[in-house]
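# Examining the three-dimensional arrangement
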Amino acid sequence: MHTIANKIDQVRTRIAAACEKASRDPDTVRLLAVSKTKPVSMIEAAISAGQNDFGENYLQESRAKIRALPDATWHYIGAIQSNKTREIASLFHWVHTVASGKVARRLNHQRPPGMPPLNILLQVNISGESGKAGADEKDLPEIITAVRTMENLNLRGLMAIPRATPDEGAQRRAFARLAGLLHSMRTRFDLTGFTELSMGMSNDLEAAIMEGATWVRIGTAIFGTRDQKEKHH
Ligand SMILES: *Cc1c(COP(=O)(O)O)cnc(C)c1O
């Protein structure tokens, strides 16, 4: 229990230091604790330490966690298969990994009546790697044009998972590219509330904050390493 509280403290300290360096208000950066593969007991420990937002990648394991801890705020950050959109739309508060108009349309139709609009971020394949998740930059205008009219979705911003690299300059260039896209799309489409940049993980949160991250998605630095079986999901 104490370990998780301490780890969250350490991450918050890193966030605060990066904000100071970037001359940013630390309240503008929110911590998303990525709890994939980790049990409810560890999430409860994080909640006791004041953490409220949790990210999950696998629908299968997230069901029971969300049922057990319905007062937390749940973010879906995994790959989206079309046949899973109905459940994603009914379980989660945020989805960071929308990468096509088709998935957006399904989430919009399947968001249960009476629930507030689902907050969504468009995932961008910022490194332009073939076979990697995320929309191509060139397809963003078309997706945004479609999504902005969807009543049950609240288009909040962009998300990316750049190619992993230890080179901080390269990290920053990729994050800056996503930030540039957010600004240009917000201006071009006159979008209000299109303010969120979900970028930065345990190894590169400082670079992401320097470039404007508003959500950092942190797993390992809070909950420890994940075991290898994750690869088989
Ligand atoms: C697992 C995961 C994270 C957390 O990564 P860490 O390196 O463990 O902090 C963040 N974002 C996404 C999309 C993930 O799948």
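Our subject is the structure listed above.
Since this is a predicted model, take the numbers as computed values, not measurements.

Before going further, it helps to spend a moment on the pairing of strand 8 (residues 215-218). Residue alternation in strand 8 divides its side chains into two sets, Trp 215 and Arg 217 and Val 216 and Ile 218, and both sets are buried. As defined by bridge partners, strand 1 (residues 30-34) adjoins strand 8 across 4 bridges and the pair is classed as parallel. The partner of Leu 31 across the bridge, within strand 8, is Val 216.

Next up on the list: the pattern of salt bridges. Counted according to the given criterion, the structure contains 12 salt bridges. A salt bridge links Glu 87 to Arg 63, with the shortest nitrogen-to-oxygen separation between them at 2.4 Å. Of the two residues, Glu 87 is situated in helix 4 (residues 85-91) and Arg 63 in helix 3 (residues 59-68); the sequence distance between them amounts to 24 residues. For Arg 63, a relative accessible area of 22% corresponds to the partly exposed category. The partner of Asp 136 in a salt bridge is Lys 138, with the nearest N and O atoms 3.5 Å apart. Accessibility expressed as a relative area gives 35% for Asp 136, which makes it partly exposed. Of the residues examined, Lys 138 reaches a relative accessible area of 65% and is grouped as exposed. Taken together, the salt bridges that share partners define one network made up of Arg 30, Arg 156 and Glu 196.

This part is about the pairing of strand 6 (residues 153-159). Counting buried residues in strand 6 gives 6 out of 7 residues, a clear majority hidden from the surface. Two elements, strand 5 (residues 118-123) and strand 6, share 6 bridges in a ladder whose sense is parallel. Among the inter-strand pairings, Gln 123 is bridged to a residue of strand 6, identified as Met 159. In the classification by handedness, the crossover that spans strand 5, the intervening helix 6 (residues 140-147) and the parallel strand 6 is right-handed. With helix 7 (residues 168-189) bridging strand 6 and the parallel strand 7 (residues 196-198), this β-α-β connection has right-handed handedness.

The subject of this paragraph is the site of the ligand. The environment of the ligand is formed by 13 residues, the closest being Lys 36, Asn 57, Ser 202, Arg 217 and Thr 220. A distance of 2.7 Å separates an oxygen atom of the ligand from a polar atom in the side chain of Asn 57. At a separation of 2.8 Å, an oxygen atom of the ligand approaches a polar backbone atom of Gly 219. For the ligand, the protein covers 90% of the area, taking 390 Å² as the surface of the free molecule. Here the shell around the ligand is composed, by residue class, of 6 nonpolar, 4 polar and 3 charged.

Cut-off values and rules
- Residues numbered from 1 in each chain as written.
- Predicted model: local features only at pLDDT ≥ 70, side-chain atom pairs only at ≥ 80, totals over all residues.
- Heavy atoms only, no water.
- Buried < 20%, exposed > 50% of the residue type's maximum accessible area, 1.4 Å probe, protein only.
- Helix = DSSP H or I, 4+ residues; strand = E, 2+ residues; numbered from the N terminus.
- Pairing = 2+ DSSP bridges.
- Salt bridge = Lys/Arg side-chain N within 4 Å of Asp/Glu carboxyl O.
- Right-handed = clockwise from strand over helix to strand, strands pointing away.
- Near = heavy atom within 4 Å.
- Polar contact = N/O pair within 3.5 Å; in protein donor to acceptor, adjacent residues only side chain to side chain.
- Areas by Shrake-Rupley, 256 points an atom, 1.4 Å probe, with all protein chains shown as cover.
- Nonpolar A, V, L, I, M, F, W, Y, C, P; charged D, E, K, R; others polar.

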